[in-house]
Amino acid sequence: MKILVLGGAGYIGSHTVRELIKSGSQVVIVDNLETGYKEAVHPDAAFYQGDIRDRAFMDHVFQKESIDGVIHFAANSLVGESMTNPLKYYDNNLYGTKVLLDSMVANHIDKIVFSSTAATYGEPERIPILETDPTEPTNPYGETKLSMEKMMKWTNQAYGVRYVALRYFNACGADASGNIGEAHSPETHLIPLILQVPNGQRDKISIYGEDYDTKDGTCVRDYIHVTDLAQAHILAMKYLMDGKESAIFNLGNGVGFTVKEVIETARKVTNHPIPAEVVSRRSGDPAKLIASSEKAKKILGWNPEHADLEEIIESAWNWHRNHPHGYKNI
């Protein structure tokens, strides 16, 4: 089985490539390296540097490689940036997916697993969130991801391109080898930001509000290890290879941790005091985001193996401690 991984030099993409190769699949990577890293490309994967918005480039890849299915991570994903530069998100996420689907249809590729997001739900009406709950995104990032899902739905109906959309929550952690991990610029994710304190890269961590309706007043999020996410993408591709119908699945651990709990666990793992300062709330931060993943467990047979928060942070610390500047010092 030969799988094309779009965005395979990025954080979740590089971990998925590694797991695919471990499982015996052949892998082809396409990445424009806007946010991905050449150093994260697996040596056993074929690599093409290019952009999914370039139709001739995508046709070339499909015609040169005998692709059985596509896993699509190639998208911009910063919520704050999407609010200030929404057209960038419509161009890359939505137009890029349109060009990709055009090329897939023309080249008779009919299976795609797509990295969607919990941001498609917006402010949740209940916890845990179900796949059937209303989708009312509160930012252009979530809006473009939801539009990508709908584009795939109609492409499926018109051309028979089946898809799985995986709506996931806070990806975190790093591969057990410590050779690849999270490296964003700018960094916006909580766990790597916390770990910058024991790494000597910031003096303290900011807590955005402690007056939410949660057990300690700080926001609750569902953290999911990147290797568990990678396994879900592989199971979703197998689901499509088995001829199953298009579907949408949430991916999460179904357990929420507060910001203060994450900081306290990081203190334990790193043996560092990690000073924290409470500042004012950020607009648009829901108090709680927790997924129900029962559908993925039941239908895909997905079983997260790295749900323990301490294990997640230990794997992240193993990467960040040895790569304080990400891939720049490899």
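In what follows, the accompanying structure is described.

What counts and how
Residues numbered from 1 in each chain as written. Predicted model: local features only at pLDDT ≥ 70, side-chain atom pairs only at ≥ 80, totals over all residues. Heavy atoms only, no water. Helix = DSSP H or I, 4+ residues; strand = E, 2+ residues; numbered from the N terminus. Buried < 20%, exposed > 50% of the residue type's maximum accessible area, 1.4 Å probe, protein only. Contact = heavy atoms within 4.5 Å. 1 Å grid on protein atoms, 1.4 Å probe; cavity = no way out; pocket = protein on both sides within 12 Å on 5 of 7 lines; lining within 4 Å. Points joined across faces, edges and corners; volume = space filled by probe spheres on them. Nonpolar A, V, L, I, M, F, W, Y, C, P; charged D, E, K, R; others polar. Expected span 1.5 Å × (residues − 1). Core = buried A, V, L, I, M, F, W, Y, C linked by side-chain atoms within 4.5 Å. Pairing = 2+ DSSP bridges. Axes fitted to C-alpha atoms, helices over the stretch in contact; angles between N-to-C directions. Salt bridge = Lys/Arg side-chain N within 4 Å of Asp/Glu carboxyl O.

### A look at the environment of Gln201
Along the chain, the position of Gln201 falls in the loop between helix 6 (190-195) and strand 8 (205-208). Classification of Gln201 by relative accessible area gives partly exposed; the value is 35%. With residues up to four places along the chain from it excluded, the contact list for Gln201 reads Gln196, Pro324 and His325.

### With respect to the layout of surface pockets
Roughly 310 Å³ of internal volume is contained in the second largest pocket. If you list the elements that add at least two residues to the lining of the second largest pocket, you get helix 6 and helix 10 (309-322). Among the elements that make up the lining of the second largest pocket, the one with the highest residue count is helix 6 (3 residues). In terms of residue class, the lining of the second largest pocket is built from 8 nonpolar, 9 polar and 4 charged.

### Digging into helix 7 (residues 226-241)
Working note: α-helix, 3.6 residues per turn, so residues spaced by three or four point in the same direction. The first and last C-alpha atoms of helix 7 sit 23 Å apart over 16 residues, in line with the 22 Å expected at 1.5 Å per residue. Helix 7 sits mainly inside the fold: 12 of its 16 residues count as buried. Of the residues making up helix 7, those classed as buried are Val226, Thr227, Asp228, Leu229, Ala230, Ala232, His233, Ile234, Ala236, Met237, Tyr239 and Leu240. In the stretch just after helix 7, Gly243 is the one whose phi turns positive, near 85 degrees.

### Comments concerning the nonpolar core
Judged by nonpolar contacts, the single largest core of 34 residues is most densely connected at Ile12, Val27, Val113, Val164, Leu166 and Leu251. Among the secondary structure elements, those contributing two or more residues to this core are strand 1 (2-6), helix 1 (11-22), strand 2 (26-31), strand 6 (162-168), helix 7, strand 11 (247-251) and helix 9 (294-300). The dominant element in this core, judged by the number of residues it contributes, is helix 7, at 8 residues. Setting aside its immediate chain neighbours within four residues, Ile12 contacts Phe73, Tyr168, Ala171, Val226 and Leu229. Ranked by size, the runner-up nonpolar core spans 26 residues in total, among them Leu4, Val61, Leu94 and Val161.

### Examining the environment of Ala296
With respect to the element layout, Ala296 can be found in helix 9. Put simply, Ala296 and Gln157 are 139 residues apart on the chain and 23 Å apart in space, counted from C-alpha to C-alpha. Discounting residues that sit within four places of it in the chain, Ala296 has contacts with Phe249, Asn250, Leu251, Gly301 and Trp302.

### Focus: the sheet that holds strand 6
Read across the open sheet, the 7 strands follow the order 3-2-1-4-5-6-11; overall the sheet is parallel. Looking at strand neighbours, the two that pair on one side only are strand 3 (46-49) and strand 11, the edges of this open sheet. Adjacent strand axes in the sheet meet at a mean angle of 20 degrees when their direction is disregarded. Strand direction decides the pairing type here: strand 1 and strand 2, joined by 5 bridges, are parallel.

### Some details on unusual backbone geometry
Apart from glycine, the bulk of residues carry a negative phi angle, and the bulk of peptide bonds sit in the trans form. A cis amide bond links Ile127 to the next residue, Pro128, at an omega of -5 degrees. With respect to the helices and strands, the residue Pro128 is situated in the loop between strand 5 (111-117) and helix 5 (140-159). Here Ser185 and Pro186 are connected by a cis peptide whose omega angle stands at 5 degrees. Within the secondary structure layout, Pro186 lies in the loop between strand 7 (170-172) and helix 6.

### Re the sheet that holds strand 14 (residues 288-289)
Spatially, the 3 strands line up as an open sheet ordered 12-9-14, and their pairing is mixed. The sheet is open, and its two borders are formed by strand 12 (257-258) and strand 14, each paired with just one other strand. Alignment of strand 9 (residues 220-221) against strand 12, held across 2 bridges, turns out to be antiparallel. The residue of strand 12 that forms the bridge with Val220 is Thr258.

### Details of the pattern of salt bridges
Throughout the structure, instances matching the rule amount to 20 salt bridges. The salt bridge partner of Glu81 is Lys88, with a shortest N-O separation of 2.8 Å. Judged by its relative accessible area of 25%, Glu81 falls in the partly exposed class. Salt bridges sharing common partners tie together Glu34, Glu81 and Lys88.

It is worth stressing that arrangement in space is one thing and function is another; only the former is reported here.
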